[in-house]
Amino acid sequence: MSGYGPLMTVASADPLITGYHRFRAEHWPAAKAEYEALAAEGQRPHTLVVACSDSRADPALIFDAAPGQLFVVRNVANLVPPYEPDGNLHGVSAALEFGVKVLGVSRIVVMGHAHCGGVQAMRTGAPEAVRDFVAPWIAQGTPVVRRVAEAVAPEAVEQACEEAVVRLSIDNLRTFPWIAEREAAGTLSLTGLHFGIAEGLLRALNGPGAFEPLG
C-alpha cells in the first residue's frame, strides 16, 4: 500500500476531479497560450498578497487575477511575523524574501477578512486540538487583539480585532530592512485590506486611520 494515500480517481462525486474537468474544458483552451508563456518566461507578479488560509477568502477570486499576477502567501489569520533571521524555519518570511528580492513585486497586500477563526482564537484561546502549531502561531497577535477588544463596543469587537491584526502585520513588514528600504524609496507599497465575506466588499486601511470601502 502506498504511504501517500489513495490516488484520486475520475469520479463525479470527487469535487477536485470535477473541478479539474471544468478547468480543462472551459478555462484551459482560452488560457493555453498564457500558461505556455508563463512556463517559458517565468512569473512576474506585480503584487504579493498575505492572506488567511480561510476557504472563504481566496485572493485570486476576489481580485479576479490571471495566472502570474499574484504571489500569494496564506496562513492562519494572515499574520506576518517580525523580521528574525535566526536560521529557523520561517515560511512566511521566506516567501516575502523571494517575492521582494527575486520576483521584485511592487506591492505587498495584507488581506484580513470577516469571521476569522484565527483572530477569534486570539481573543478566546486556541482549541485544545490545535495546541502544537496553531496556538503558538496565533500567540503573536494575542496581546494586540485583546487590547483592542477591551477598547471598543461589544458589537464592534470582531471586526476591530481583525483590522488590528492587519495593522500588526503591516507594522511587522516594516521590520524587514529590505522591505522598509524599498518602501522609503517608493519602489514598494504596503496595503492593508479587510474582506467582508457576506457582502463581498473590500475595505482599505487609510494610513493610520480607519478602514474605508474601496471605490
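Right above here is the structure, for reference.
Quick caveat, the model's predicted, so the values are computed rather than measured.

Trainee: Describe in detail the environment of leucine 193, supporting the description with residues and values.
Mentor: Among the secondary structure elements, leucine 193 is positioned in strand S4 (residues 189-196). In contact with leucine 193, other than residues within four places in its own chain, are Phe63, Val109, Val110, Met111, Gly112, Val166, Leu202, Arg203, Ala204, Phe211 and Leu214.

Trainee: Provide a residue-level description of the side chain of serine 93, including the pertinent values.
Mentor: You can see serine 93 is positioned in helix H3 (residues 91-102). Setting aside its immediate chain neighbours within four residues, serine 93 contacts Pro81, Phe176 and Trp178.

Trainee: Explain the pattern of salt bridges to me, using residue names and the numbers behind them.
Mentor: Going through the model one piece at a time under the given rule, you end up with eight salt bridges. The partner of arginine 56 in a salt bridge is aspartate 54, and the shortest N-O contact between them spans 2.7 Å. Across the pair arginine 74 and aspartate 58 runs a salt bridge whose closest N-O atoms are separated by 3.9 Å. Of this pair, arginine 74 sits in strand S2 (residues 70-75) while aspartate 58 sits in the loop between strand S1 (47-52) and helix H2 (59-62), placing them 16 residues apart in sequence. Judged by relative accessible area, which is 32%, arginine 74 ranks as partly exposed.

Trainee: Mind laying out the sheet that holds S1, listing which residues take part and the relevant values?
Mentor: Taken in spatial order, the six strands make up an open sheet running S2-S1-S3-S4-S5-S6, and their pairing is mixed. Lying at the two open borders of the sheet, with one neighbouring strand each, are S2 and strand S6 (211-213). The mean angle between the axes of side-by-side strands here comes to 30°, regardless of whether they run parallel or antiparallel. Where S4 meets strand S5 (residues 201-205), four bridges bridge the pair, whose relative direction is antiparallel. Along S5, the bridge assignment pairs leucine 193 with alanine 204. Against the sheet, H3 engages S1, S2 and strand S3 (107-113), with an angle of about 170° to S2. Sheet strands in contact with helix H7 (residues 157-173) are S3, S4, S5 and S6, and its direction is about 160° off that of S4.

Trainee: Would you mind going over the nonpolar core in detail, with residue names and values included?
Mentor: Counting residues in each nonpolar core, the largest one holds 23 residues, and the members touching the most others are Leu48, Leu96, Ile108, Leu173 and Ile179. Listed by contribution, the elements that provide at least two residues to this core are S1, S2, H3, S3, H7 and helix H8 (177-185). Among the elements that line this core, the one with the most residues is H3, at four residues. Cys116, Ala121, Ile138 and Cys161 belong to the second-largest nonpolar core, a separate cluster that totals 15 residues.

Trainee: Kindly report on the packing of helix H6 (residues 142-151) against H7, identifying the contributing residues and their values.
Mentor: Packing of H6 against H7 leaves a shortest axis separation of 9 Å and a crossing angle of 145°. The hand of the H6/H7 crossing is right-handed. Here Val144, Val145, Val148 and Ala149 of H6 lie close against H7, whose contacting residues are Val157, Ala160, Cys161, Ala164, Val165 and Leu168. Residue composition of the contact of H6 with H7, by class: ten nonpolar, no polar and no charged.

Calculation criteria
Residues numbered from 1 in each chain as written. Predicted model: local features only at pLDDT ≥ 70, side-chain atom pairs only at ≥ 80, totals over all residues. Heavy atoms only, no water. Helix = DSSP H or I, 4+ residues; strand = E, 2+ residues; numbered from the N terminus. Contact = heavy atoms within 4.5 Å. Salt bridge = Lys/Arg side-chain N within 4 Å of Asp/Glu carboxyl O. Buried < 20%, exposed > 50% of the residue type's maximum accessible area, 1.4 Å probe, protein only. Pairing = 2+ DSSP bridges. Axes fitted to C-alpha atoms, helices over the stretch in contact; angles between N-to-C directions. Core = buried A, V, L, I, M, F, W, Y, C linked by side-chain atoms within 4.5 Å. Left-handed = near helix turned anticlockwise from the far one by under 90°. Nonpolar A, V, L, I, M, F, W, Y, C, P; charged D, E, K, R; others polar.

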